[in-house]
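Take a look at the letters that make up each chain.
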Amino acid sequence: MDKYILALDQGTSSSRAIVFDRGGNAVAVAQKEFTQHFPRPGWVEHDPMEIWSSQAGVAAEAISTLGLTGADIAAIGITNQRETTIVWDAETGIPVHNAIVWQDRRTSEFCDSLKAAGLTDKIREKTGLIIDAYFSGTKIRWILENVPGAKQKAQAGKLRFGTVDSWLVWNLTGGKTHVTDVSNASRTMLFNINTLQWDQELLDLLNIPISMMPEVRSSSEVYGKTSGYGFAEGVPVAGIAGDQQAALFGQMCTEPGSVKNTYGTGCFLLMNTGTEPIMSKNNLLTTIAWKIGETVNYALEGSIFVGGSVIQWLRDGLGIIKSSAEVEELAKTVPDNGGVYFVPALTGMGAPWWDQYAKGCIHGITRGTTAGHIARAALEGIAFQTMDIVNAMEKDAGVRLAELKVDGGASRDNLLMQFQADILGADVIRPQVTETTAKGACYLAGLAVGFWDSIEDIKSQWLAERTFTPEASENQVRTLKEGWADAIRRTINNL
């Protein structure tokens, strides 16, 4: 019997496990949602033990549905929600506090104090990141400062920190392995992406002992083997990447200048920039995409806070659709947006504007405006935001976008994808397999154990389902871009 790769896809709201065969096909999937904790406004937490139990449970389920055992699994790959912070006791393996989730804003004021101290440029030069509560560093500091006895235990070398990948590997290997990969390390605001080391100056700045930090390894190597893990004893854990970097790899964006956008609740646009980091001059993040062997690939990243969630708002907030699937048909009831522009700054604005105080606005409403115009403007707003990030990336990287690979739930909307191609003036390519995040983790693990020989070996498995080519005239595109630019100006300036 041929072997398989097991991909663990640990997300913000659910844990999934997907079994892939040698052809890169998903042959079994299991998923389980877990509890979201909101102890105060702006605070978001998960129970680390529930993260682990849900992930272990779906892994067993996915394998058993095929009648397989651990002996049939060649390797395990992990992809994970990024920046989410877990601190646990090194001896007992018990977390000292709930996981503080990437969405959590409790350290915003401390981040403001770092900015006021003039540390913005220094932290960007070292980490490629802006100072923000989004990243792990200030979350670790909060736990050490606010959990009784945590600071003393940390100073005595008795606590361990990890993003979710580290936590899963620790548990999979029976507490023998404390590692992360470069892609997750680069999201902590503590990792120097130039030296590929934890930065002692930044650790000192946040009073975090280096003994807490995991060993940083490549994204594709054997980190350890499963131990004390029931059905799958001795299986190599061999691939790790943060979810967006894993999607970039799963989309086979392995050449410099290749770009993918994931249309989820928010949108995450990443460009592979090759083996040298490009420090953004246009408000994007510089991050590590992956490390395979001795080669590190870097990426530029732009985050859109409100992507597909604007469609949920049309359903739940405005009530003009009953299900998200209806938005495309409603938008098709009108030939164009009728001069209506929807800037969906429902939770502030992300890249490249970074305006946390912006509010959502719908501009250009007249007596002739219908629900169809609003729906169309909402979809177009997702594409316009993507265009703004692509423009920033092109300026930073000095390359013109040739094509955009897409995945995520909203990428199934044909009207949105066609408009995206029109407004970018570039092909938009949707793959046959949209499980790109788990597939990226699967490929990284498979390469590490020789399941596949090379990246070239894998590339043949990536197949396009549909390519959307630009159809709109130059005049149409120019008018649309001018309307959007005016809507952005009015939104940011509260006009």
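Residues numbered from 1 in each chain as written. Predicted model: local features only at pLDDT ≥ 70, side-chain atom pairs only at ≥ 80, totals over all residues. Heavy atoms only, no water.

Undergrad: Can you walk me through the sheet that holds strand S17 (residues 285-292) in this structure?
TA: The strands making up a sheet associate through backbone hydrogen bonding, with each pair oriented either parallel or antiparallel. Pairing is mixed in the open sheet, where seven strands are placed in the order S17-S18-S16-S15-S21-S22-S23. Each of the sheet's edge strands pairs with one partner strand only, and the pair in question is S17 and strand S23 (464-468). With strand direction ignored, the average angle separating the axes of adjacent strands in the sheet is 25°. Where strand S16 (residues 267-274) and strand S18 (residues 295-304) come together, seven bridges link them in antiparallel fashion. (Pairing = 2+ DSSP bridges. Helix = DSSP H or I, 4+ residues; strand = E, 2+ residues; numbered from the N terminus. Axes fitted to C-alpha atoms, helices over the stretch in contact; angles between N-to-C directions.)

Undergrad: Would you mind going over the packing of helix H12 (residues 371-397) against helix H13 (residues 414-424) with me for this structure?
TA: When two helices pack together, their arrangement is given by the angle between their axes and by how far apart the axes lie. Running from N to C, H12 and H13 cross one another at 40°; their axes reach a closest spacing of 9 Å. When the axes of H12 and H13 are compared, the pair comes out oblique. Seen from above, H12 lies across H13 with right-handed handedness. Together, Arg 376, Leu 379, Glu 380, Ile 382, Ala 383, Phe 384, Thr 386, Met 387 and Val 390 of H12 and Leu 415, Leu 416, Phe 419, Gln 420, Ile 423 and Leu 424 of H13 make up the contact between the two elements. Taken together, the residues of the contact of H12 with H13 sort by class into 11 nonpolar, two polar and two charged. (Parallel < 35°, antiparallel > 145°, perpendicular 65-115°, else oblique. Left-handed = near helix turned anticlockwise from the far one by under 90°. Contact = heavy atoms within 4.5 Å. Nonpolar A, V, L, I, M, F, W, Y, C, P; charged D, E, K, R; others polar.)

Undergrad: Any chance you could explain the side chain of Lys 405 here in plain terms?
TA: Positionally, Lys 405 belongs in strand S21 (residues 403-407). A polar side-chain atom of Lys 405 sits 2.8 Å from the main-chain carbonyl oxygen of Gln 251. Non-local contacts of Lys 405, meaning those with residues more than four positions away in its chain, are made with Gln 251, Met 252, Cys 253, Val 259, Lys 260, Asn 261, Ile 429 and Trp 462. (Polar contact = N/O pair within 3.5 Å; in protein donor to acceptor, adjacent residues only side chain to side chain.)

Undergrad: Explain the packing of H13 against helix H16 (residues 474-492) here, please?
TA: For the pair H13 and H16, the least separation of the axes is 9 Å and the interaxial angle reads 95°. When the axes of H13 and H16 are compared, the pair comes out roughly perpendicular. Residues Phe 419, Asp 422 and Ile 423 of H13 form the contact with H16, whose own contacting residues are Val 477, Leu 480 and Lys 481.

Undergrad: What's the story with the environment of Glu 33 in this structure? I'm lost.
TA: Along the chain, Glu 33 falls in strand S3 (residues 26-33). With relative accessibility at 63%, the residue Glu 33 sits in the exposed group. Taking the C-alpha atoms as reference points, Glu 33 and Ile 210, 177 residues apart in sequence, are found 33 Å from one another. (Buried < 20%, exposed > 50% of the residue type's maximum accessible area, 1.4 Å probe, protein only.)

Undergrad: Where do I start with the sheet that holds strand S2 (residues 14-20) in this structure?
TA: Within the open sheet, the six strands sit side by side as S3-S2-S1-S5-S14-S13. Their pairing is mixed. Where the open sheet ends on each side, the last strands, each with one partner, are S3 and strand S13 (220-225). Sheet twist, expressed as the mean angle between neighbouring strand axes with direction ignored, is 25°. Note: S13 against strand S14 (residues 236-242), three bridges, orientation antiparallel. Note that in S14 the partner of Ser 220 across the bridge is Gly 239. Across the sheet, helix H6 (residues 164-172) is in contact with strand S1 (4-10), strand S5 (73-80), S13 and S14; its angle to S5 comes to roughly 145°. Sheet strands in contact with helix H9 (residues 243-250) are S5 and S14, and its direction is about 100° off that of S14.

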